Amino acid sequence: MKICVINGSPRGKNSVTLQTVLYLEKRFPRHSFDFLNVGAGLQSFERDMSGAVEAIRSAELLLFSYPVYTFLAPSQLHRFLELMKRSGADFRDIYVTQLTTSKHFFDVTAHRYLEENCRDMGMRVIHGLSADMEDLLTEQGRREAEDFLRYAVYCAENQLYEPAPAAAPAPARPPYVQTLSPGVKPEGFDTVIVGDLREEDASLRAMIKDFRALYPYQTRFVNLADFPFKGGCLGCFGCAADGRCIQKDGFDTFLRENIQNADAIIYAFTLRDHSMGSLFKMYDDRQFCNGHRTVTEGKPFAYIVNGDYEAEENLKTVIEARAQVGRNFLAGVGYDLPSMEAAAKRLAYSLENRYVPPRNFYGVGGLKIFRDLIWLMRGIMKADHDYYKAHGLYDFPQKHRGRMLAMSLLGVLMRSGAAGDKVRAKFNQGMMAPYKKLLARTRSGK
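Residues numbered from 1 in each chain as written. Predicted model: local features only at pLDDT ≥ 70, side-chain atom pairs only at ≥ 80, totals over all residues. Heavy atoms only, no water.

Colleague: Give a detailed account of the pairing of strand S3 (residues 61–67), specifying residues and quantitative values.
Modeller: Remark: a regular strand shows side chains that alternate across the two faces of the sheet. Across the 7 residues of S3, 7 count as buried, placing the element largely inside the fold. Covered by surrounding structure in S3 are Leu-61, Leu-63, Ser-65 and Pro-67 together with Leu-62, Phe-64 and Tyr-66, the residues of both alternating faces. Note that strand S1 (residues 2–7) and S3 share 5 bridges and pair parallel. Its bridge partner lying in S3, Asn-7 is registered against Ser-65. (Buried < 20%, exposed > 50% of the residue type's maximum accessible area, 1.4 Å probe, protein only. Helix = DSSP H or I, 4+ residues; strand = E, 2+ residues; numbered from the N terminus. Pairing = 2+ DSSP bridges.)

Structure, rendered in structure tokens:
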């Protein structure tokens, strides 16, 4: 079978993800592999997509290979997908799958994002493989990679693919028109709107103006389209030790001095290809210079999204999870006037009352993945390690020795014949006792 590999890693041939594909190429010599290094060589595809189009159209199976960056694919691969769509080429009925590496931090949202975009182009989707970064170095990981390729080839040969989720066609959303006048606002809190606002984005511009009119405090605006990005994140880990980005465009300083020092952050973008678009994704990826430190913890977020946000379930998950991992109150996502008004009110309430709810599964699970990663890699991720120590984030369960001992003794008693029956009968009473004491000494609030 003729397999075209889209290498979306900015590290090019030095991609950890790509090594699994190269391993499969050796293990399956009967298949021919053609490689497009779109992550590292994006500029050449910006100039000319004809060679890439020809390679993709001639393939029997298209395999996207990339590392997961901040909930989704790297910004470079975002841009390549935009170029594929812009090319106008017919990619219908091409079988497509993906192979990613990560620490399983929201790999599911990355896979769904790619599948959504491939279905936009009429491709036939085969579910991909999400591997850990070190899986290829284990016998089990190599076996799983081989099994995956056999399965993908089998599906392509037998015309098997995943049906697209049933969805009612969304009515065309008319362009947003500004309806409110800004008025005079008190300063109160430093609230920054970070947007990808381009000259042609008249609807998003109008939405931002109306949000500023609805929000009870002054805001300042930072336009990502004006920042001279040198490029997307290179995945080089150069910033792991001291938090400084290797790319000399001043982004790390710009980020800390213009955005992260605000009391509240509002993100604004036009929906592009089931996400925030490649430029905004570049901004997200480049925040890796903060490592995995939740440096905006406690600050409320809100979003202004121009487009049919209600239909984008995967993007909704990304936005909620992003806030949860950073322990930021998500005040809301404004996509029309009522939803913007609600988001503005909740954002103001959070600031005025310092409201920050605890993390849910997205936040707790995501943080624990990073906690374990940083502990293992603390030798090179010193800035992350210092932050986690200072904020008590190394909350490993084995540190709670007293509770572990108490649970062990209780377990022994519960398994001890007749005595165990008595212990089990009183177990719920014991669980409820501290809560009843708390309620008994709690005074009625005003």
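From this point, the discussion proceeds with the structure in view.
Colleague: Quick rundown of the packing of helix H4 (residues 75–87) against helix H5 (residues 107–120)? Include the residues and the values.
Modeller: Axis angle and axis distance: for two packed helices, these are the angle between their axes and the distance between the axes, and together they describe the pair. Taken N-terminus to C-terminus, the directions of H4 and H5 make an angle of 10°; their axes are 11 Å apart at the nearest point. In terms of orientation, H4 lies roughly parallel with respect to H5. Of the residues in H5, those touching H4 at His-78, Leu-81 and Lys-85 are Tyr-113, Leu-114, Asn-117 and Asp-120. By residue class, the composition of the contact of H4 with H5 is 3 nonpolar, 2 polar and 2 charged. (Axes fitted to C-alpha atoms, helices over the stretch in contact; angles between N-to-C directions. Parallel < 35°, antiparallel > 145°, perpendicular 65-115°, else oblique. Contact = heavy atoms within 4.5 Å. Nonpolar A, V, L, I, M, F, W, Y, C, P; charged D, E, K, R; others polar.)

Colleague: With reference to specific residues and values, describe the sheet that holds strand S8 (residues 219–223).
Modeller: Ordered by their spatial adjacency, 5 strands build an open sheet running S8-S7-S9-S10-S11, and the pairing between neighbours is parallel. Both edges of this open sheet fall to S8 and strand S11 (330–334), since each of them pairs with a single strand only. On average, each strand axis in the sheet is inclined to that of its neighbour by 20°, with strand direction left out of account. The sheet contact formed by strand S7 (residues 191–195) and S8 spans 5 bridges and is parallel. What sits directly across from Val-194, in S8, is Val-222. Each of S7 and strand S9 (264–270) is contacted by helix H9 (residues 278–286), which is oriented at about 150° to S9, the strand it contacts most.

Colleague: Outline the packing of aromatic side chains, supporting the account with residue identities and numerical values.
Modeller: All told, the structure shown has 33 aromatic pairs when counted by the stated rule. A centroid spacing of 5.2 Å and a plane angle of 75° characterise the contact between Phe-329 and Tyr-355, whose relative ring orientation is edge-to-face. With Phe-329 in the loop between helix H10 (313–325) and S11 and Tyr-355 in the loop between helix H11 (337–353) and helix H12 (361–376), this residue pair connects regions lying 26 residues apart in the sequence. Among the aromatic residues, those joined into a ring-pair cluster are Phe-227, Phe-229, Phe-251, Phe-254, Tyr-267, Phe-269, Phe-280, Tyr-283, Phe-301 and Tyr-303. Positioned above the aromatic ring of Trp-375, the side-chain terminus of Arg-378 is 3.9 Å from the ring centre. (Phe/Tyr/Trp six-rings, centres within 6.5 Å; stacked < 30°, edge-to-face > 60°. Lys NZ or Arg CZ within 6 Å of the ring centre and 35° of its normal.)

Colleague: Quick one: what's the story with the nonpolar core, residue by residue and with numbers?
Modeller: Ranked by internal contacts, the top residues of the largest apolar core, which has 78 residues, are Ile-6, Ile-56, Phe-64, Phe-80, Met-84 and Tyr-283. Excluding residues that lie within four positions of it along the chain, Ile-6 makes contacts with Leu-36, Val-38, Ile-56, Leu-62, Leu-63, Phe-64, Ser-65, Leu-77 and Phe-80. Ile-193, Ala-206, Tyr-215 and Leu-347 belong to the second largest nonpolar core, which has 23 residues in total. (Core = buried A, V, L, I, M, F, W, Y, C linked by side-chain atoms within 4.5 Å.)

Colleague: Requested: an account of the pattern of salt bridges, with residues and values cited.
Modeller: All told, the structure shown has 28 salt bridges when counted by the stated rule. In this structure, Glu-82 and Arg-79 form a salt bridge, with 2.9 Å as the shortest nitrogen-oxygen distance. Of this pair, Glu-82 and Arg-79 both sit in helix H4, separated by 3 residues, roughly a single helical turn. A residue is classified by how much of its surface remains accessible, and Glu-82, at 14% relative accessible area, is buried. Looking at Arg-79, the relative accessible area reads 15%, which means it is buried. The salt bridge partner of Asp-132 is Lys-103, with a shortest N-O separation of 3.1 Å. Of the two residues, Asp-132 is situated in strand S6 (residues 129–132) and Lys-103 in the loop between strand S4 (95–102) and H5; the sequence distance between them amounts to 29 residues. Look at Lys-103 and you get partly exposed, because its relative accessible area is 23%. Three or more residues joined by partner-sharing salt bridges are found here, namely Arg-27, Glu-146, Asp-147 and Arg-150. (Salt bridge = Lys/Arg side-chain N within 4 Å of Asp/Glu carboxyl O.)

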